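Spelled out from the first residue to the last, the chains are:
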Amino acid sequence: MAELKITSETRTEFGKGAARRIRRASKVPAVIYGHGADPVHVTLPGHDLMMALKTANVLLSLDINGRNELVIPKAVQRDPLKGFIEHVDLLAVTRGEKVTVEINILTEGELAPGQNLLEHVLNTLSVETEATHIPESVTVSVQGLASGDAVLAKDITLPSGTTLVTDEDAVVLQVLSAQAEEPSEESAAGSEEAAEA
């Protein structure tokens, strides 16, 4: 997993007015939590942060006034209309430390022939893994699965060093048979009337 370096600055101004000024300067206010230390308030360059957050569970190496801090994003607040990042909560981590994160579930392969539909019951799995080796996603083969088949969390092969936190018997994917739509009573009555005329 790539480690992205971002230069950040500590901030001493707080509140809505300060946050607005930071955003006007194309920066994002953020708070770093973790390891029992007091929260550290920083600002991050908006564009660099937006590009970094395109990678799921990205590991960020922040240069804070010449001191390096490894963090992972825990909560991202976005403007509901425009989508820009308003604030980020970051979790401080160390190399070798285990963290619990959500990873995306991807599928590959073709279902068995017929009218089968794949339902994603879960889109992510909760796993525990080393902070510096967080997998972006896990891929599950659905090759040949037919109606009634299901994939449980315990059936998914995780990368080395990653353990499952999600309930192992949780249904992740299931295959349903596509139901042919039965004609509604109104359309059936209409066709009978047409036949009589």
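A quick note: this is a predicted structure, and the numbers were derived from the prediction, not measured. (Residues numbered from 1 in each chain as written. Predicted model: local features only at pLDDT ≥ 70, side-chain atom pairs only at ≥ 80, totals over all residues. Heavy atoms only, no water.)

Before we go on, may I ask you to explain the side chain of Thr129 in this structure?
You can see Thr129 is positioned in strand 9 (residues 124–130). Residue Thr129 is classed as buried on the basis of its relative accessible area, which comes to 2%. There is a polar contact of 3.2 Å between the side chain of Thr129 and the side chain of Thr162. If near-sequence neighbours (up to four positions away) are discounted, Thr129 is found in contact with Glu97, Lys98, Val99, Val101, Ile134, Pro135, Gly161 and Thr162. (Helix = DSSP H or I, 4+ residues; strand = E, 2+ residues; numbered from the N terminus. Buried < 20%, exposed > 50% of the residue type's maximum accessible area, 1.4 Å probe, protein only. Polar contact = N/O pair within 3.5 Å; in protein donor to acceptor, adjacent residues only side chain to side chain. Contact = heavy atoms within 4.5 Å.)

Even after reading the chapter, I still don't get the sheet that holds strand 11 (residues 150–152), so can you show me in this structure?
The strands making up a sheet associate through hydrogen bonds between their backbones, and the pairing can be parallel or antiparallel. Taken in spatial order, the three strands make up an open sheet running 8-13-11, and their pairing is antiparallel. The open sheet terminates on both sides in strands that have one partner only, identified here as strand 8 (116–120) and strand 11. When strand polarity is set aside, the average angle formed by the axes of neighbouring strands in this sheet is 15 degrees. Across five bridges, the pairing between strand 8 and strand 13 (residues 171–177) is antiparallel. Its bridge partner being in strand 13, Leu118 is matched across the sheet by Val175. (Pairing = 2+ DSSP bridges. Axes fitted to C-alpha atoms, helices over the stretch in contact; angles between N-to-C directions.)

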